[in-house]
Amino acid sequence: MASGPRVDVNQQTAADMKTARSQTSISVKTVRSYLHGGQKVWDLRESLEKILVQEPLFDKKHRDFLGRTDQYIRAAAIINRLDELRRIHSWSEVEYTTATSLLSEVMSTALHDAAFQPVFLGQGSPALMENYWDLVYEKGIQGCYLQTELGHGTNVARLETTSTYIPETQEFEINSPSLTSTKWWIGALGKSATHGAVQAKLILPDGKDMGPHLFFVQLRSLEDHRPLQGITVGDIGPKASGGMAAQDQGFARFDHVRIPRTNMFSKFAEVTTEGSYIQPPHAKLSYGGMMYIRANMIPSAGWTIAKAATVAIRYTTVRRQGEPDAKGFERQVLTYPSTYYRLLPILSRAFVFIELGRYTIKALTQMQQRLANRDTSLLPEMHALLCGLKVFVTTHGISDIETARRSMGGHGFSAFAGLGRLYIEYLPAATFEGDNFVLDGQVVRAATKLCKAVLSSTSAVAKLPLPSAYLRLLSTAGEVPPQVTGSTWHDVHSVVLLLEWRAALMVKNFTQTQASGDVDASVNQRLAKAVTEAFVAAQVGEMINNLTILPSEDAKVVGCLYRLYLLTSAESALVDLLSVGLIRHTGVGDPTQDLRLAVKALCLEVLPNVIGLTDAFGFSDWSLDSALGVFDGRVYEALWKRVQMEPMNKDEVTPAYAPYIRPMLQRGQAAAEQKMKPKSKL
């Protein structure tokens, strides 16, 4: 077999990356500005990164070699330096938050910023804000959010920690009545936090249980950081696969700890000095902090997936393997259908989730403004929407990171690839802020409630909230299901409508058969996915319509990516589309083949621009921290340099040789010599 041309494989990587960039037809700068929400936002990120990369403490290249304690100490040092920089440069809240996200480090203050501080803003009474807000904002205290317990997680209503009001002293008594009531998995609680927002059952003087409420509790001394009397606190130990090693998830037990009555988060519900309870205007107002976190998880998923896509696409662009191409070189891995079919849909989801995140946070802000005026009308729909989106983006995020890692072959398993760390640190997102399988049930309950209203009254259609607009299709005056043909997959409106019909029919079928109790075990997962995908598809349709803000070529390429998202969503929904009769088998050929060929055609259309599209995310080599995702494509050089940092390579002969390896070798050699002696006599 004739060999191909002699090639310096290492030098070829840089040439391949340069060629790939030269094929880009989009304006990377324009698409980058689009993704970041404007040129000013990008300019801010770029100016902040220039400050951060100058800090030796923020160098990422040695962190894979650190043990857990050293990782925690390093993270504490980073937090301290970041706070110093905030004051040196007089950063605003937006600038500080942006700098934190650029660092991409696991830090205990993340919970202070994402959970503790929003609870104060959303539920703190005027008195509590007056006494503590400056300390919270300036990080003069460090907070955490104590909800999950050893025995209960998602089922907040069954938490065991109690807060009993004592009218004689106007205090609450926080108590952990059992082992299983121990607060558990609480980020920053193990060693860092000084205060916490504690979720506990409110017990009135007459013994009446009013359910979970939030209380502001000091945990450690501000003088020497020791736990206060009556509080037992510590770290819960290492996590799976060494993930989130720098984060001190902790436990806490309370032994009749007293706090002032004013330490209840009582913006909406409160206890009077006499012990009477003032009801909140809506039962789910206490979900505000969790809803804030869930809303921010959507763009966060998009940027996390974007990192995985960038690394994998860059690496598979310069990695050559297998059969020769037209020039006789080994073929670029990305050009294999089995590779681009896996990676390009991931790229499309990154774009969609980033843009979707902007919509969701805007909608949440509007709801919070109404809540400030005690208007809870948007709360049920926002709660259901965020439950569905949280499940949707985190499920995809976990799968997409791992798919990207596996697309890189053996080198993808190296820590220096960066995706192993990205995966294990993102993996808990499926569980925290509500277990995904449990949240599916909440999405379905909300959907069936609205479906019943639509089926019983056509007037209910006009009152449907935007996330449930798909249910309009069930109205007697509504449209009929579309006829699916080969042209369906080339029309955005038709694909969006098909995914909406899928959700509407599935929810209707479930609503009508639910009473019999004859439902399958996975129904909540299938329904929640269909309902959420219908909403997202409609939003993607709007994203495509709004691409007129971009120059024509940029709009065309990004539009292809959005259409790829819609088609791969339809492809993943084929079982549902067939089961509800939206796609029918005529007995001739494969009714799904046109869709699959359309997916392939879109992939091939996007392929020449993938390096430009990933460049548009704006990740520097410093922020990606991946030997396989370097901008210049010289992946083998980068990997070689990283290996030289391995501490084990400092010793030519390992310290384990003399006490352990040599004795074993000597025993084996002696035993082999004894076996050889009889053979030599023969």
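Structure: above.
Everything numeric here is computed off the predicted structure, so don't read it as measured data.

Caption draft 1: Seen up close, the overall build of the chain. When helices and strands are tallied, the chain shows 21 helices and 13 strands. In terms of overall dimensions, the chain has C-alpha extents of about 95 × 75 × 65 Å along its principal axes. The long-range fraction of contacts in the chain, counting pairs at least 24 apart against all pairs at least 6 apart in sequence, stands at 74%. Total accessible area computed for the chain in this model is approximately 31,600 Å², and 55% of it derives from carbon and sulfur atoms. Computed over 71 positive and 67 negative side-chain charges, the inter-centroid distance for the chain is 5 Å.

Caption draft 2: Structural detail: the side chain of E55. Inspection of the secondary structure assignment puts E55 in the loop between α3 (39-52) and α4 (68-88). Exposure remark for E55: the relative accessible area of 14% places this residue in the buried category. Those residues within four positions of E55 in sequence are excluded, and the remaining contacts are R81 and L85.

Caption draft 3: How the structure looks around the nonpolar core. Residues F351 and Y562 are the most contacted members of the largest nonpolar core, which totals 146 residues. Excluding residues that lie within four positions of it along the chain, Y562 makes contacts with Y34, F351, V352, E355, V540, M543, I544 and L547. Grouped together as the second largest cluster of nonpolar side chains are 26 residues, I186, L219, F254 and A269 included.

Caption draft 4: Highlighting a nonpolar patch on the surface. Together, V653, Y657, Y660, I661, M664 and L665 make up an exposed nonpolar region whose accessible area comes to about 590 Å². Along the chain, I661 falls in helix α21 (residues 657-681). Judged by relative accessible area, which is 33%, I661 ranks as partly exposed.

Caption draft 5: Fine view of the pattern of salt bridges. Enumeration according to the criterion identifies 34 salt bridges in this entry. For the salt bridge of E138 with R86, the shortest nitrogen-to-oxygen distance reads 3.9 Å. Highlighted residues: E138 in the loop between α7 (126-137) and β1 (143-146) and R86 in helix α4, separated in sequence by 52 residues. Of the charged contacts, one joins R405 and E402 as a salt bridge, the two residues approaching to 2.8 Å between their closest N and O atoms. Taken together, the positions of R405 and E402, both in helix α10 (residues 379-407) and three residues apart, correspond to about one turn of that helix. By relative accessible area, which is 22% here, E402 ends up partly exposed.

Caption draft 6: Focus on helix α12 (residues 436-456). Spanning 21 residues, α12 covers 31 Å between terminal C-alpha atoms, matching the ideal 30 Å at 1.5 Å per step. Between the side-chain oxygen at the start of α12 and the backbone nitrogen of F437 there is a gap of 3.0 Å, and the oxygen is on D435.

Caption draft 7: Summary view of the sheet that holds strand β8 (residues 250-254). The sheet built from three strands is open, its strands ordered β4-β8-β7 with antiparallel pairing. Where the open sheet ends on each side, the last strands, each with one partner, are β4 (183-186) and β7 (231-235). This sheet shows a mean twist of 15° between the axes of neighbouring strands, independent of strand direction. Where β4 lies against β8, two bridges are found, and the strand directions are antiparallel. When the bridges of β8 are listed, I186 appears paired with G250.

Caption draft 8: Representation of the pairing of strand β12 (residues 320-324). Direction of pairing for β12 relative to strand β13 (residues 330-332): antiparallel, over a ladder of two bridges. If you follow R320 over to β13, its bridge partner there is Q332. Taking the residues between adjacent antiparallel strands as the criterion, β12 and β13 are bridged by five residues, where G328 takes a positive phi near 90°.

Caption draft 9: Layout of the side chain of D248. Secondary-structure assignment places D248 in the loop between β7 and β8. One buried charged residue, D248, forms no salt bridge at all, with the nearest opposite charge on R220 at 6.0 Å. Engagement of the side chain of D248 in a polar contact is seen with the backbone nitrogen of K191, the distance being 2.7 Å. A polar atom in the side chain of D248 sits 2.8 Å from the backbone nitrogen of S192. Contacts of D248, omitting those with residues within four sequence positions, involve R68, Y72, S108, I186, G187, A188, L189, G190, K191, S192 and D235.

Caption draft 10: Examining unusual backbone geometry more closely. Unlike most non-glycine residues, K139 shows phi in positive territory, near 60°. Checked against the element boundaries, K139 lands in the loop between α7 and β1. For M244, which is not glycine, the phi torsion reads 50° and is therefore positive. One can find M244 in the loop between β7 and β8. Classification of M244 by relative accessible area gives buried; the value is 16%.

Caption draft 11: Representation of the packing of aromatic side chains in the model. Taken as a whole, this structure holds 17 aromatic pairs when the rule is applied. Between Y165 and F172 the ring centres are 5.2 Å apart and the planes differ by 55°, which places this aromatic pair in the tilted class. Summarising the burial analysis for this pair, Y165 and F172 share the class buried. Their ring planes at 65° and their centres at 5.9 Å tell us that F353 and F392 sit as a pair that is edge-to-face. Of this pair, F353 sits in helix α9 (residues 337-372) while F392 sits in helix α10; the two residues are 39 residues apart in sequence, bridging distant segments of the chain. F392 gets classed as buried once you look at its relative accessible area, which sits at 5%. These aromatic residues form a ring-pair network of at least three members: F116, F120, Y132, F216 and F265. A cation sits over an aromatic face here: R45 above W303, 5.9 Å from the ring centre. The ring of Y336 carries the charged tip of R331 above its face, separated from the ring centre by 4.4 Å.

Caption draft 12: Representation of the packing of α4 against helix α5 (residues 93-103) within the structure. Remark: α4 packs on α5, axes separated minimally by 11 Å, with the N-to-C direction vectors making an angle of 145°. Judged by the twist between their axes, the crossing of α4 over α5 is right-handed. Within the contact between the two elements, α4 uses I78, L82 and R86 and α5 uses Y96, A99, T100 and L103. Split by residue class, the contact of α4 with α5 holds five nonpolar, one polar and one charged.

Criteria and cut-off values
Residues numbered from 1 in each chain as written. Predicted model: local features only at pLDDT ≥ 70, side-chain atom pairs only at ≥ 80, totals over all residues. Heavy atoms only, no water. Helix = DSSP H or I, 4+ residues; strand = E, 2+ residues; numbered from the N terminus. Contact = heavy atoms within 4.5 Å. Areas by Shrake-Rupley, 256 points an atom, 1.4 Å probe, with all protein chains shown as cover. Lys, Arg positive; Asp, Glu negative; His and termini not counted. Charge placed at Lys NZ, Arg CZ, Asp CG, Glu CD. Buried < 20%, exposed > 50% of the residue type's maximum accessible area, 1.4 Å probe, protein only. Core = buried A, V, L, I, M, F, W, Y, C linked by side-chain atoms within 4.5 Å. Patch = residues over 30% accessible without salt bridge, like charges linked within 9 Å, V, L, I, M, F, W, Y side chains within 5 Å. Salt bridge = Lys/Arg side-chain N within 4 Å of Asp/Glu carboxyl O. Expected span 1.5 Å × (residues − 1). Polar contact = N/O pair within 3.5 Å; in protein donor to acceptor, adjacent residues only side chain to side chain. Pairing = 2+ DSSP bridges. Axes fitted to C-alpha atoms, helices over the stretch in contact; angles between N-to-C directions. Phe/Tyr/Trp six-rings, centres within 6.5 Å; stacked < 30°, edge-to-face > 60°. Lys NZ or Arg CZ within 6 Å of the ring centre and 35° of its normal. Left-handed = near helix turned anticlockwise from the far one by under 90°. Nonpolar A, V, L, I, M, F, W, Y, C, P; charged D, E, K, R; others polar.

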